[in-house]
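A structural walkthrough
Residues per chain are reported as follows:
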Amino acid sequence: MGHRGEDAPLLLLLLLSLFASCHGRIVKVPAGPLVRVESTEVVIPCNVSQYEGPSEQNFDWEFSRISAPDSRFVQVVSTWDPWFTSQEYKDRVDGKEITLRRNSNNSVELVIGNIRPTDQGMYRCTTPSTDSVVQGNYNAVVEVKVIADGLTVGRSTARSTSTWNLSEGDAFQLRCSASTNSSEHTHLHVSWEFRNGFAWQEILSLTHEGKFQPGSEYNERYISGDVRLDAMANDIYRLSVSQALPTDEGAYRCRVSEWVKGADASWQKIQEKAVDIANVVVQPTALGVFITRSNVSVTEGDSLDLTCNFTTDRSGIFQAEVRWYFSESPDSTMAEAQVLLSADRDSVVSDSTLISLSHVDRSSYHLLVRDVSTEDSGYYYCQATLWVPQHNGSWHKVAERTSVPVTVEVLALEPTYHVFLNATKTPKYAEDPTELECRITEAQNTETNVRFTVSWYYRLPMRSDEVVKDELLATMDADWTLVVGDRSKQRAQNGEIIFSKPTVDTFRLRIQWTSEADRGDYYCVISSWSRQRNNSWIKIKDVASVPVSILWSTQDYMLTVEAVKLKPFFMAGHTFEMTCKVSSQNIKTPRYSVLITAEKHLNDRSTPNGTTRIISLNQDSVVRREDWTDQERVDGVVLEKVQENEFRYRMYQTQISDAGLYRCVVTAWSPGGGGMWREAVNGLSNPIQIDFQTSAYPSAKQNEELLSGPVFNVSVESHRTTVYRGELVKLDCIISIAGTVISPDDMSFDVSWFAMHSIAMDRDPVFLASLDRKGIVTQAKRNGSSDVSLERISPMEFRLRIHGCEDQDFGNHYCLVTPWVRSTAGIWQQEMEVKSKPILVTVKMDVLNAFKFPLLIGIGLSTIIGLLSCLIGYCSSRWCCKKEVQETRRERRRLMSMEMD
């Protein structure tokens, strides 16, 4: 059962192949009979499909007269045999009257340019075989029937002249006659066409199926009834146009085609004729539009009077539509212009309060604008449109013209006034207030529709040869909205700069705390605004004041800081104390902030640049510990204010690691705006040095301890520094001591491991892990799969393990040790850091393990593909068979007749 299910797809494929091969070649020609008219061109297509061999096929055409007693086929033309044509058709074929036109590799057309009555008969299309097996049909026959030309198309004799002169809007009708006396049952297709250039375009047609079909450009006019086509008596077809347009000017013709229904029930056009009917000339309606006045000047508040007249040569019924336009520019288009008022063809005027439009007579319209303002200055247009009625009750626009613009200038009554700027308060020192008043004086022609606003400007004082640059501080809009400039925006929001208007004619600028950046010239500009009819405001005039200089004498700030060491001789574990005395000049009521810094050895990892910020006290006497990180001496440093200009710094239980240069960094602050403090100047004191090796007057025992103190050395060892990937590396950090013998209980160490991933030691060290003197291990984050561990294996030995080494673990490794020693007083002292020499760790790759899995996968895939190829070959030889060729393929050979077979 399983084998039969697997054979089913192969059997189905074989049956489909046999079914496809049974179809064979198919040659097709149109279904007959084909009715054609004498002396016309006839085209008979022929195509072949489902064939074998070359893609390009050859065709032979033969002809047989039905009336002939033997019905013998005569050879006409061939695509591949130049000697195929019989003597009867040789002249017509050589003269190109009968030709073959190839459309594709498997399709041709027999073209008879001027068919004759003797060409009526049977036409056979044959294709020579290129198939391996003779199957299907190799020829097809179609009947062609030739009838006499019975179609007559002519121009109606209703009007003798061929040129029609019309006025725009007139109606006109064109006629043509078309008839046929064909022996076959044929239908006529009548089309009216128009040409106003090179190409003919369809107006309206009466098809052979009895349907009206308008052209794309005449669809709307056909729906509205403006264009009609009527079939009248005596085979007359009339085109009626109720309203002539300028676009209707051109040539008109009547095109008639004759159609017959074929054997497949489809309509076929057998011939076509056309006749020119008339040339139509449409005279456009003359229309002139003009305004009686040219350039007009009107005083603000008066009335503007304009009259629009139009003239036309049109008589009969028409209506006029008038529009008035306004534009600020003479080059504006009508779409950009503003419509003031309009009167439609029924004399209905659009509504307006200050503008009126009256109809004086048939061709005159009067425009009146009351209470004009300066915004009415510009250009005025008048546009007239003529409309004529149509037969369906609608109106058609026949002409439209626009007058030449008239320039109207409205003279404004400008107010006159002066501007005076006065400094009511000037600063004597920085941070003093400044107040300026800008006042309007001697104002005239300031009615209720005039408003004043102010703009404040700042000018930086420069030399006479430099360009003066003005900066906007603030400006007022017409609605008294204050817009602050970039220079004063932030200070105005903070209340440091105040803009106000205490009276109608006075504007005030106040700077609460004047700074050095405010030194310079100030001036104000008063703008006058006029209210328009739409309650908007336009600026009329700007008047600027004389600048006022805001300056005061200044001196440079001076600050001196002196550091004094109160206890010149002390030892480790004692208290270090120093004071900072500050003196300043030219600073108004100063306050000081103090920062204590220490410059230590460059090998201190906590301060890469060698300077440590220890503790600070700000101008409000708030103390803050900066970079002081010694958790055992959190309260070991104190900074306090002794006097207004004196500060004292204490450091308790000093250690050897505290050696270095100590300074006071002082900043002087002066009162700023809004209760804020402004930084004035910075000062740096002289350095105070802490050096335990130079302590004076030590005891004999202390001197011996100092001279014979412990000396620590650090080295790194490993039993194996070259490993393969994934293996373990052990690195031992061994600490040795020389000099004074110290008990292990009095020593502890901070051990840190670092790596440089290079041989030349030219890269930054990378932190790996650390173990402090309390036994807490800290590890760095790692990106690879390897891991590290750190442990203490003896009081003086620390071991670093790298598990599962990778390529990134390659490089020089070293340890950094910070010793801690407990003194006789029981205080732990931090010694200098000691760094070991680096040791190089090399990581190699295991080639066998790296290629083991890829080789196994490749061998497995090759075996599977080989077995699959053998299975496919076996199946192909078992169930597939070759197709036997029954006949040798022949190219360009004709089929033999059945009698010869």
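Computed from a prediction, not measured in an experiment: that's the story for all the values here.

Before going further, it helps to spend a moment on the overall build of the chain. The helix and strand inventory of the chain stands at 6 helices and 61 strands. Within the chain, the proportion of its 901 residues that are buried is 39%. Taking the contacts inside the chain whose residues are at least 6 apart along the sequence as the reference set, 61% of them involve residues at least 24 apart. Summing over all exposed atoms, the chain offers an accessible surface of approximately 50000 Å²; the carbon and sulfur share of this is 51%.

Turning our eyes to something else, we now look at the sheet that holds strand β14 (residues 201–206). With mixed pairing, the 6 strands of this open sheet are ordered in space as β11-β19-β18-β13-β14-β15. Each end of this open sheet is capped by a strand with a single partner; those strands are β11 (163–167) and β15 (212–214). Averaged over all adjacent pairs, the angle separating strand axes in this sheet is 25°, with direction ignored. Pairing of β11 with strand β19 (residues 267–283) involves 5 bridges; the strand directions are parallel.

A separate point is the state of the cysteines. In this structure the tally under the stated criterion is 6 disulfides. Through a disulfide, C308 is tied to C382; the S-S separation comes to 1.8 Å. Handedness of the C308-C382 disulfide follows from its S-S torsion of about -80°: it is left-handed. Pair noted here: C308 is in strand β22 (residues 304–312) and C382 is in strand β27 (residues 378–389), with a separation of 74 residues, a long-range link. Accessibility classification places C308 together with C382 in one group, the buried group.

Another point: a nonpolar patch on the surface. On the surface, a cluster of nonpolar side chains totalling about 660 Å² of accessible area is made up of F853, L856, I857, L861, I864 and I865. With respect to the element layout, L856 can be found in helix α6 (residues 847–879). According to the relative accessible area criterion, L856 is exposed, its value standing at 54%.

For sheets, the rule is that strands pair by backbone hydrogen bonds, running either parallel or antiparallel. Spatially, 4 strands are ordered β20-β22-β26-β25 in an open sheet, and the strand pairing comes out antiparallel. Every interior strand has two partners, whereas the edge strands, β20 (287–291) and β25 (355–361), have only one. Each strand of the sheet is rotated relative to its neighbour by a mean of 20°, with strand direction disregarded. Of the pairings in the sheet, the one linking β22 to strand β26 (residues 364–369) comprises 6 bridges and is antiparallel in character. Counted as the bridge partner of L304 is V369 from β26.

To continue, consider the packing of aromatic side chains. By the definition in use, this model includes 15 aromatic pairs. For the ring pair Y417 and F452, a centre distance of 5.0 Å and an interplane angle of 80° mean the geometry is edge-to-face. Taken together, the residues span a long stretch of sequence, with Y417 in strand β30 (residues 416–425) and F452 in strand β32 (residues 450–459) at a distance of 35 residues. Residue Y417 is classed as buried on the basis of its relative accessible area, which comes to 4%. Feature note: the residues F63, Y89 and Y123 constitute an aromatic cluster, connected by ring pairs. Above the face of the F73 ring, R124 is positioned so that its terminal group lies 4.1 Å from the ring centre.

Turning our eyes to something else, we now look at the confidence of the model for the chain. Chain-level pLDDT for the chain is 81 on average; 87% of the residues reach the 70-or-more range. Looking at the elements of the chain, mean pLDDT is at its lowest for helix α1 (residues 2–23), recorded as 43, and at its highest for strand β36 (residues 506–511), recorded as 92. Below pLDDT 50 for its whole length, residues 693–708 participates in 8 contacts with residues either more than four positions away or in separate chains.

Structural remark: α-helix, 3.6 residues per turn; residues separated by three or four positions point the same way. Within the sequence span of helix α2 (residues 87–94), burial applies to Y89, R92 and V93. Here the buried residues of α2 occupy an arc of 100° about the axis, which is enough to place them on one side. In α2, the exposed positions that point more than 90 degrees away from the buried face belong to Q87, D91 and D94. If you follow the buried residues of α2, they end up packed against β4 (60–64), β5 (74–78), β6 (98–104) and β7 (107–112). Following α2 by one or two positions, K96 has its phi on the positive side, about 65°.

Once that is clear, we can look at the side chain of S240. Counting through the fold element by element, S240 comes out in strand β17 (residues 236–241). Judged by its relative accessible area of 4%, S240 is buried. Beyond its immediate stretch of four places on either side in the chain, S240 contacts F172, Q173, D226, V227, R228 and D230.

We now examine the nonpolar core. If you look at the biggest cluster of nonpolar residues, it comprises 33 residues, and the most contacted ones within it are L304, F310, W324 and L386. Examining the composition of this core, we find that 5 residues originate from one element, β27, more than from any other. Once you skip the residues sitting within four places of it in the chain, L304 turns out to touch V296, V298, L367, L368, V369, V372, Y380 and V408. F712, M796, V817 and V841 belong to the second-largest nonpolar core, a separate cluster that totals 31 residues.

Conventions we followed
- Residues numbered from 1 in each chain as written.
- Predicted model: local features only at pLDDT ≥ 70, side-chain atom pairs only at ≥ 80, totals over all residues.
- Heavy atoms only, no water.
- Helix = DSSP H or I, 4+ residues; strand = E, 2+ residues; numbered from the N terminus.
- Buried < 20%, exposed > 50% of the residue type's maximum accessible area, 1.4 Å probe, protein only.
- Contact = heavy atoms within 4.5 Å.
- Areas by Shrake-Rupley, 256 points an atom, 1.4 Å probe, with all protein chains shown as cover.
- Pairing = 2+ DSSP bridges.
- Axes fitted to C-alpha atoms, helices over the stretch in contact; angles between N-to-C directions.
- Disulfide = S-S within 2.5 Å.
- Patch = residues over 30% accessible without salt bridge, like charges linked within 9 Å, V, L, I, M, F, W, Y side chains within 5 Å.
- Salt bridge = Lys/Arg side-chain N within 4 Å of Asp/Glu carboxyl O.
- Phe/Tyr/Trp six-rings, centres within 6.5 Å; stacked < 30°, edge-to-face > 60°.
- Lys NZ or Arg CZ within 6 Å of the ring centre and 35° of its normal.
- pLDDT = per-residue confidence, 0-100.
- Arc of directions from axis to C-beta.
- Core = buried A, V, L, I, M, F, W, Y, C linked by side-chain atoms within 4.5 Å.

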